[in-house]
Amino acid sequence: MDTTELVKDLQEMRESGHLSDPILRRAVRNLSEEDRFGWVGVYLWDEEKNRLWLHNYVGEPTEHALIEPGQGVCGTALEKGENMNVPDVSEVENYLACSPDVQSELVVLIKAGDEVLGQIDIDSDEKAAFAEEDEQAVQLVADKLAEVIMADRRE
Ligand code: SME
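A. Spotlight on the pairing of strand β1 (residues 39-46). Taking burial as the measure, the eight residues of β1 include six buried ones, the bulk of the element. As judged from the six bridges shared by β1 and strand β6 (residues 115-124), these two strands associate in the antiparallel manner. When the sheet's bridge partners are listed, Leu-44 is paired in β6 with Gly-118. Between β1 and strand β2 (residues 51-58), which pair antiparallel and follow one another directly, the connecting turn spans four residues, one of which, Asn-50, has a positive phi of 55 degrees.

B. Geometry of the site of the ligand. In the region of the ligand, 13 residues are neighbours, and Val-73, Cys-74, Leu-96, Cys-98 and Glu-105 sit closest. In this structure, Val-73 approaches the ligand through a main-chain N or O atom, which is 2.9 Å from an oxygen atom. Contact between the ligand and Cys-74: an oxygen atom at 2.8 Å from a main-chain N or O atom of the residue. Here the ligand has 310 Å² of accessible area as a free molecule, and 100% of this is covered by the chains. Spatially, the ligand is embedded in the largest cavity. Of all the secondary-structure elements, those providing two or more residues to the shell around the ligand are β1, α3 (72-80) and β6. If one sorts the elements of the shell around the ligand by residue count, α3 sits on top with three residues.

C. Highlighting the layout of surface pockets. By volume, the largest pocket is sized at about 230 Å³. Taken together, Ser-20, Leu-24, Leu-44, Trp-45, Glu-47, His-55, Glu-115, Val-116, Leu-117, Ile-149, Asp-152 and Arg-153 make up the full set of residues lining the largest pocket. Those elements that place two or more of their residues in the lining of the largest pocket are α2 (20-31), β1, β6 and α4 (132-154). Here the lining of the largest pocket is composed, by residue class, of six nonpolar, two polar and four charged.

D. Geometry of the nonpolar core. Judged by nonpolar contacts, the single largest core of 28 residues is most densely connected at Leu-10, Val-42, Ile-110, Ile-120, Ile-122, Val-141 and Leu-145. Leaving out residues up to four positions away in the same chain, Leu-145 has contacts with Leu-10, Ile-23, Leu-24, Ala-27, Val-42, Ile-110 and Ile-120. Listed in part, the 18 residues of the second largest apolar core include Ala-77, Val-86, Val-89 and Cys-98.

E. Region of the structure containing the sheet that holds β6. Pairing is antiparallel in the open sheet, where six strands are placed in the order β3-β2-β1-β6-β5-β4. The strands lining the two open edges of the sheet, one partner per strand, are β3 (66-67) and β4 (84-86). Across the face of the sheet, α2 comes into contact with β1, β2 and β6 while running at roughly 60 degrees to β2. α3 contacts β1, β2, β3, β4, β5 (104-112) and β6 of the sheet and is inclined by roughly 35 degrees relative to β5.

F. Fine view of helix α1 (residues 4-15). Taking 1.5 Å per residue, twelve residues should reach 16 Å; α1 reaches 17 Å between its end C-alpha atoms and fits that length. Within α1, the full set of buried residues consists of Leu-6, Val-7, Leu-10, Met-13 and Arg-14. Buried residues of α1, seen end-on, are gathered within an arc of 120 degrees and therefore sit on one face of the element. Elements that come into contact with the buried residues of α1 comprise α2 and α4. Just past α1, the residue Gly-17 takes up positive phi, approximately 105 degrees.

G. Quick peek at the pattern of salt bridges. Under the counting rule described, the total for this entry stands at seven salt bridges. Taking the shortest distance from any N to any O, the salt bridge between Arg-25 and Asp-21 comes out at 3.1 Å. Here Arg-25 pairs with Asp-21, and both are found in helix α2, just four residues apart, close to one helical turn. With relative accessibility at 35%, the residue Asp-21 sits in the partly exposed group. The partner of Asp-134 in a salt bridge is Arg-36, with the nearest N and O atoms 2.8 Å apart. Here the residue Asp-134 occupies a position in helix α4, and Arg-36 occupies one in the loop between α2 and β1, the gap between them amounting to 98 residues. Counted as one network, the salt bridges with shared partners bring together Glu-34, Arg-36 and Asp-134.

About the thresholds
- Residues numbered from 1 in each chain as written.
- Predicted model: local features only at pLDDT ≥ 70, side-chain atom pairs only at ≥ 80, totals over all residues.
- Heavy atoms only, no water.
- Buried < 20%, exposed > 50% of the residue type's maximum accessible area, 1.4 Å probe, protein only.
- Helix = DSSP H or I, 4+ residues; strand = E, 2+ residues; numbered from the N terminus.
- Pairing = 2+ DSSP bridges.
- Near = heavy atom within 4 Å.
- Polar contact = N/O pair within 3.5 Å; in protein donor to acceptor, adjacent residues only side chain to side chain.
- Areas by Shrake-Rupley, 256 points an atom, 1.4 Å probe, with all protein chains shown as cover.
- 1 Å grid on protein atoms, 1.4 Å probe; cavity = no way out; pocket = protein on both sides within 12 Å on 5 of 7 lines; lining within 4 Å.
- Sits in = over half its atoms within 2 Å of the grid points.
- Points joined across faces, edges and corners; volume = space filled by probe spheres on them.
- Nonpolar A, V, L, I, M, F, W, Y, C, P; charged D, E, K, R; others polar.
- Core = buried A, V, L, I, M, F, W, Y, C linked by side-chain atoms within 4.5 Å.
- Contact = heavy atoms within 4.5 Å.
- Axes fitted to C-alpha atoms, helices over the stretch in contact; angles between N-to-C directions.
- Expected span 1.5 Å × (residues − 1).
- Arc of directions from axis to C-beta.
- Salt bridge = Lys/Arg side-chain N within 4 Å of Asp/Glu carboxyl O.

Encoded structure:
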């Protein structure tokens, strides 16, 4: 997959005056157009409440709107400060299932320097759906989102 165009769109939205909120929504909606991606969402980190909260998503409803550090794939990525590419979610002990159909999951952190601002979470109904190139492509989007979130803070 190629996210170059999407990153450009997000940048154009920023330049035309949009704040991060609609830019986060556009990123999720656009990523969800990829066939292999069954569920796509952005979680943001709430430092005060010490948890991730689900900002927006495309896909089945989920019970996991709030996730604490260490919980599931999302909370583990947050705690470790690392992306997670899980080829088979049935092998994850503390997995938080959004739907029984999900087979694999990719979590890419939205980071500004060492600070974790949130993450892009993608589920697939296919096993091992995510290649290294997918992670890199999604990382480009996550980095752009980090930039616009930080810019909001300064305004
Ligand atoms: N599967 C994630 C939770 C998010 S839902 O899939 C939407 C996890 O284990 O952290």
